[in-house]
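In case you want the letters, here they are:
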Amino acid sequence: MQALQVWKTIGQAQAGCAALKQAGKRIGVVPTMGALHDGHLSLVRGSLAQCDATVVTIFVNPTQFGPGEDLSRYPQTWDQDLAALSELGVDAVFAPTVEEMYADGTTFVEPPAISKPLEGVHRPGHFRGVATIVLKLFHAVPADAAYFGQKDYQQAMVVSRMVQDLNCPIEMNVLPIVRDADGLALSSRNAYLTPADRQRALALHQTLRDAKNRIEQGCRDGEEISEGMLSSLSDCVDSVEYALLADPATLDPISAFPKTISAVIGLIAVYVGKTRLIDNEIIHVPS
Ligand code: PAF
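Values in this document were obtained by computation on a predicted structure and should not be read as measured data. (Residues numbered from 1 in each chain as written. Predicted model: local features only at pLDDT ≥ 70, side-chain atom pairs only at ≥ 80, totals over all residues. Heavy atoms only, no water.)

Trainee: Whenever I open this one, the pattern of salt bridges confuses me. Can you help?
Mentor: Under the criterion given, the structure shown has 14 salt bridges. Residue R123 is joined to E69 by a salt bridge in which the shortest nitrogen-to-oxygen separation is 2.6 Å. In this pair, R123 is assigned in the loop between α5 (119-122) and α6 (126-140) and E69 in the loop between β3 (53-58) and α3 (78-88), connecting sequence segments 54 residues apart. The residue E241 makes a salt bridge to R276 at a minimum N-O spacing of 2.7 Å. One end of the pair, E241, is in strand β7 (residues 239-246); the other, R276, is in strand β9 (residues 275-284), and 35 residues separate them in sequence. (Salt bridge = Lys/Arg side-chain N within 4 Å of Asp/Glu carboxyl O. Helix = DSSP H or I, 4+ residues; strand = E, 2+ residues; numbered from the N terminus.)

See below:
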């Protein structure tokens, strides 16, 4: 196995990818902000299985954090991240500085309409920062395939739409959420949770399960299910930003289920203590 390369500059990344392409390799890229957990590593494994070379980007992107968000305390676990990636057989890590990625650049991507609801309401500017950095990362690491997690469902939709609209020559892959044994979706932000808060955070997955059960038992009143989600979460967490059933293709809230709908998505964003957590589940609607 070849040693893991660490690229710090865009020039190094572009030259490194050119050499991999020259050698006829299909490249997969996994964009991350570091503090890697098994969810990230499942994306890495997806890329390793489908591509000849895998590049992981580690960059805590300041432009996707709003004022008062956790940019300054975002967890950083560089040595562990590198050890885990090296053990999996990743080819290279691209870990630029903020100056390298932004210099004094003022050009931003205007994200598509799908960025407007949900996260777009509660984190204004977030997807402008995400779309911009992802496009810049795709230029620095011109890979054949990209791997994102379903946990950030709306982000995956925004990036997929951007890839389509801006003709990015990259295949998008969105892989399933990875959960702890008790159902908590893996997130770098789980590191902020006290043991008591972590216990309360189990309400997210439980609420999604309850919604799924109601649909499987025949309930087709989307508003009633969404209200139930909101109310059961409100009993457990500190605040609920949203909790609802939506159309997985448009993110429009579901009230009455259209006859043709085969799946809905439950989407949640809450605060447990000072930690903002999101979760979702695609629920197949029995016909
Ligand atoms: O999902 C993330 O970790 C980030 O939003 C991403 C895609 C790496 C862009 O900074």
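Back to the write-up after that little detour.
Trainee: Even after reading the chapter, I still don't get the environment of R220, so can you show me in this structure?
Mentor: Note on placement: R220 falls in the loop between α8 (195-216) and α9 (222-234). Separated by 37 residues in sequence, R220 and F257 have C-alpha atoms that sit 5.8 Å apart. One polar contact links the side chain of R220 to the main-chain carbonyl oxygen of P286, over a distance of 3.2 Å. (Polar contact = N/O pair within 3.5 Å; in protein donor to acceptor, adjacent residues only side chain to side chain.)

Trainee: Where do I start with the pairing of strand β6 (residues 171-175) in this structure?
Mentor: A regular strand places its side chains on the two faces of the sheet in alternate fashion. Pairing geometry for strand β5 (residues 145-149) and β6, over five bridges, is parallel. The residue of β6 that forms the bridge with A146 is M172. As a crossover connection, the stretch from β5 through helix α7 (residues 153-165) into β6 is right-handed. (Pairing = 2+ DSSP bridges. Right-handed = clockwise from strand over helix to strand, strands pointing away.)

Trainee: Is there a simple way to think about the packing of aromatic side chains in this case?
Mentor: Aromatic ring pairs: the centre-centre distance and the angle between the two ring planes describe each pair. One pass over the full model with this rule turns up three aromatic pairs. An angle of 40° between the planes, with centres 6.4 Å apart, marks the rings of F59 and Y102 as tilted. Placement of the pair is F59 in the loop between β3 and α3 and Y102 in helix α4 (residues 98-102), with a sequence separation of 43 residues. Exposure class is identical for F59 and Y102. Each is buried. Centroid distance F65 to Y74: 5.9 Å. Interplanar angle 75°. Geometry classified as edge-to-face. Each member of the pair, F65 as well as Y74, is classed as buried. (Phe/Tyr/Trp six-rings, centres within 6.5 Å; stacked < 30°, edge-to-face > 60°. Buried < 20%, exposed > 50% of the residue type's maximum accessible area, 1.4 Å probe, protein only.)

Trainee: Can you walk me through the site of the ligand in this structure?
Mentor: Taken together, P31, T32, M33, N61, Q64, I133, F148 and Q155 make up all the residues around the ligand. In this structure, Q64 approaches the ligand through a side-chain N or O atom, which is 2.6 Å from an oxygen atom. One nitrogen or oxygen atom from the side chain of Q155 is found 2.7 Å from an oxygen atom belonging to the ligand. In the complex, 91% of the free accessible area of the ligand, which totals 290 Å², lies under the protein chains. (Near = heavy atom within 4 Å. Areas by Shrake-Rupley, 256 points an atom, 1.4 Å probe, with all protein chains shown as cover.)

Trainee: Explanation requested: unusual backbone geometry in the structure shown.
Mentor: Positive phi values are uncommon outside glycine, yet A103 reaches one of about 40°. Residue position: A103 is located in the loop between α4 and α5. Look at L251: it is not a glycine, yet its phi comes out positive at around 65°. Within the secondary structure, L251 is located in the loop between β7 and β8 (263-272).

Trainee: In this structure, what is going on with the nonpolar core? I would like to understand it.
Mentor: Soluble globular proteins tend to pack their nonpolar side chains together in the buried interior. Of all hydrophobic cores here, the largest spans 46 residues; its most connected members are F94, F138, V141 and L267. In terms of residue count, the dominant contributor to this core is α6 (nine residues). Not counting residues within four places of it along the chain, the set of residues in contact with L267 comprises L118, Y153, L208, M229, Y242, A243, L244, A246, L251, D279 and N280. With 26 residues, the next largest nonpolar core counts L202, M229, A243 and V272 among its residues. (Core = buried A, V, L, I, M, F, W, Y, C linked by side-chain atoms within 4.5 Å. Contact = heavy atoms within 4.5 Å.)

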